[in-house]
Amino acid sequence: MQFNIISLFPEFFDSALTCGLMKKASDSGLVAFDFHNPRTFTTDRHQTVDDRPYGGGPGMVMMLDPLVQTLRSIKKPGRILMMAPKGKPFTQSMAKELSKEDNLTIICGRYEGFDARLEELFDIEPVSIGDYVLNGGETAALSIIESTARLVPGYMGHEDSGEEESFSSGLLEYPHYTRPVEYEGLTVPEVLRSGDHKRIAEWRKEQSLKLTLHERPDILHCAPLDANDMETLKNEDRERIGRNLYCALVHYPVVNKDNKSVAVSLTNLDIHDIARCSCTYGLGGYYISTPIADQQQMLADILKHWVTGAGTTANPDRGEALQIIKGVHYIEEAIEDIIERTGQRPLLVATSARGAGDIHYEQLRDVMVDRPILLLFGTAHGLAPQILDMCDRMLRPVRYLDGYNHLSVRTAAAIIIDRILGDAL
């Protein structure tokens, strides 16, 4: 496989590509490297390759002509990758795909990036190795070269070596052990010393599943899982940060279509459906807020029927869901209840179909590890201004890029809770 590397600093690669398995693969002809420095195609005595950006701003931009001439000088560029933060995330599956190519060209940027016209002149694929900033594209390019080259047939020695590693099967790799059997009181698991290949394979699969669940639950939804795998995951103890998430359905004060503060009635569907969702995702609690006496009584009668009355016999699952509901007069009561239960004031987060919001789902997950969160859902046409003023943050709307954004509150609650917690949290 031929790698063409475009870089202002080709010496960056000297050590990494001339040692270990990469050196053996290069010596045997499995992989080859050509380096192309855009400075070669400059015409001034300083070999200038960067200039100030049009429109002003900090930093410099890589000039177009040296890069264009460099690319045109490569006879067989194959697929052309550009290391750029805006690019498609690089994954193991992409490495497999690239390893089937005969030629691959990688452009390493420096400074503030490339003149945008480069992508109009050539069929270039922007690729990113992560959401962080590097000094230049060389480090990123090296990651792609190594992860791709090692999948070229013959590189690893054993053809199946690359198939039992992290991400190859959609899971993290199982733990490894070698001699001695015992070290400072720690021993190699008995199953690995048993010689029973079936048991060993089962143990390794189980360990991969558990390790992925605990360390990278975000990749489980893409992993190929069978019924036995699902059972293993369900039975494994795990941190359930959903217990730090609470939600409240506000019936007063909310706004009507004329943007006036009003109180609205409870509905059976909202009570039941949001409770079932909250219970499914393991929330800490679901509060229903209304100051109206007959509405409070209606809620109490519904809960009595399903939690302790005849309903619990007819449908115990429904009773289990509704028992997490607590009726309150005002949101302040819900806040005090969470403080009493957790010892912390919850982060109060409003939800709305309007505006841009100032916090997103990933940020809420981070907060929830150490602090409870109370999500407020409004009935009618949304939360009233006095409620919004109480809140610490406003969540970004569910469909913030589309014009039509009129979900029922129970639908919006289900979507938002799922986006925050997913399946593994």
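Computed from a prediction, not measured in an experiment: that's the story for all the values here.

K.L.:
Give me the lowdown on the overall build of the protein chain, citing residues and values where you can.
P.N.:
What the protein chain contains, in helices and strands, is 15 helices and 17 strands. Rg of the C-alpha trace for the protein chain: 29 Å, well past the compact-globule value of 22 Å for 425 residues, more than 25% over. Taking the principal axes of the C-alpha coordinates as reference, the protein chain spans close to 85 × 70 × 35 Å. Every one of the 425 residues in the protein chain was classed for burial, and the buried ones make up 42%. Summarising the internal contacts of the protein chain: among those between residues at least 6 apart in sequence, 76% fall at separations of at least 24. Total accessible area computed for the protein chain in this model is approximately 23,500 Å², and 50% of it derives from carbon and sulfur atoms.

K.L.:
Account for helix H12 (residues 331–342), with residues named and values stated.
P.N.:
The end-to-end C-alpha separation of H12 is 17 Å, in line with the 16 Å expected for twelve residues at 1.5 Å each. Within the span of H12, buried status applies to Ile 331, Ala 334, Ile 335, Asp 337 and Ile 338. Angularly, the buried residues of H12 cover 160° about the axis, an arc narrow enough to put them on a single face. In this fold, the buried residues of H12 make contact with strand E10 (245–250), strand E13 (285–289), strand E14 (325–328), strand E15 (347–350), strand E16 (373–378) and helix H14 (385–390). Positive backbone phi, at 80°, marks Gly 343, one or two positions downstream of H12.

K.L.:
Give me unusual backbone geometry: which residues, what numbers.
P.N.:
With an omega of 5°, the peptide bond between Arg 179 and Pro 180 qualifies as cis. As for its position among the elements, Pro 180 is in the loop between helix H5 (138–149) and strand E8 (182–183). For the peptide bond that leads from Tyr 252 to Pro 253, omega is -5°, which places it in the cis range. Along the polypeptide, Pro 253 turns up in the loop between E10 and strand E11 (254–255). The backbone phi angle of Glu 184 is positive, close to 50°, even though this residue is not glycine. Structurally, Glu 184 is set in the loop between E8 and strand E9 (186–187).

K.L.:
An account of the packing of aromatic side chains is requested, with residue identities and associated values reported.
P.N.:
Pairs of aromatic rings are described using the distance from one ring centre to the other and the angle between the two planes. Counted by the stated rule, this structure contains four aromatic pairs. Ring centres of Phe 3 and Phe 33 lie 5.5 Å apart, and the angle between their planes is 20°; this geometry places the pair in the stacked category. Separated by 30 residues along the polypeptide, Phe 3 in strand E1 (residues 2–6) and Phe 33 in strand E2 (residues 32–36) bring together distant segments of the chain. In this structure Phe 3 comes out as buried when scored by relative accessible area, which is 1%. Between Phe 13 and Phe 35, the aromatic rings sit 5.6 Å apart at their centres with planes inclined by 40°, giving tilted as the arrangement. Note that Phe 13 is positioned in the loop between E1 and helix H1 (20–28) and Phe 35 in strand E2, a separation of 22 residues in sequence.

K.L.:
Which residues make up the state of the cysteines, and what values go with them?
P.N.:
In a disulfide, the sulfur atoms of two cysteines are covalently bonded to one another. Summed over all chains, the structure comprises zero disulfides. No disulfide involves Cys 108; its sulfur sits 18 Å from that of Cys 19, the nearest cysteine. Using a relative accessible area of 1% as the deciding quantity, one classes Cys 108 as buried.

K.L.:
Requested: an account of the pairing of E10, with residues and values cited.
P.N.:
On any regular strand, side chains alternate: one points to one face of the sheet, the next to the other face. Within E10, six of the six residues are buried, which leaves the element mostly enclosed by the surrounding structure. Side chains of E10 alternate between two faces, with Leu 245, Cys 247 and Leu 249 and Tyr 246, Ala 248 and Val 250 buried alike. Taken together, the six bridges between E10 and E16 define a ladder with parallel strand orientation. Each residue of the ladder has a partner; that of Leu 249, found in E16, is Phe 377. As paired strands, E10 and E13 are joined by five bridges and run parallel to one another. Counterpart to Ala 248 in the pairing with E13 is Tyr 287.

K.L.:
Explain the pattern of salt bridges to me, using residue names and the numbers behind them.
P.N.:
Tallying each qualifying case throughout the model produces 22 salt bridges. Across the pair Arg 79 and Glu 97 runs a salt bridge, and its minimum N-O distance is 2.7 Å. Highlighted residues: Arg 79 in strand E5 (residues 79–89) and Glu 97 in helix H3 (residues 92–98), separated in sequence by 18 residues. Residue classification places Arg 79 among the buried positions, given a relative accessible area of 17%. It is possible to trace a salt-bridge network through shared partners that takes in Arg 79, Glu 97, Glu 101 and Glu 125.

K.L.:
Just give me the short version of the sheet that holds E14, but keep the residues and values in it.
P.N.:
The parallel open sheet is built from six strands, whose spatial order is E14-E13-E10-E16-E15-E17. Each having just a single partner strand, E14 and strand E17 (393–394) make up the two edges of the open sheet. Where helix H8 (residues 268–280) meets the sheet, it contacts E10, E13 and E14, and its direction lies at approximately 160° from that of E13.

Here is what the cut-offs are and how they apply
- Residues numbered from 1 in each chain as written.
- Predicted model: local features only at pLDDT ≥ 70, side-chain atom pairs only at ≥ 80, totals over all residues.
- Heavy atoms only, no water.
- Helix = DSSP H or I, 4+ residues; strand = E, 2+ residues; numbered from the N terminus.
- Rg over C-alpha atoms; globule rule 2.2 N^0.38 Å.
- Buried < 20%, exposed > 50% of the residue type's maximum accessible area, 1.4 Å probe, protein only.
- Contact = heavy atoms within 4.5 Å.
- Areas by Shrake-Rupley, 256 points an atom, 1.4 Å probe, with all protein chains shown as cover.
- Expected span 1.5 Å × (residues − 1).
- Arc of directions from axis to C-beta.
- Phe/Tyr/Trp six-rings, centres within 6.5 Å; stacked < 30°, edge-to-face > 60°.
- Disulfide = S-S within 2.5 Å.
- Pairing = 2+ DSSP bridges.
- Salt bridge = Lys/Arg side-chain N within 4 Å of Asp/Glu carboxyl O.
- Axes fitted to C-alpha atoms, helices over the stretch in contact; angles between N-to-C directions.

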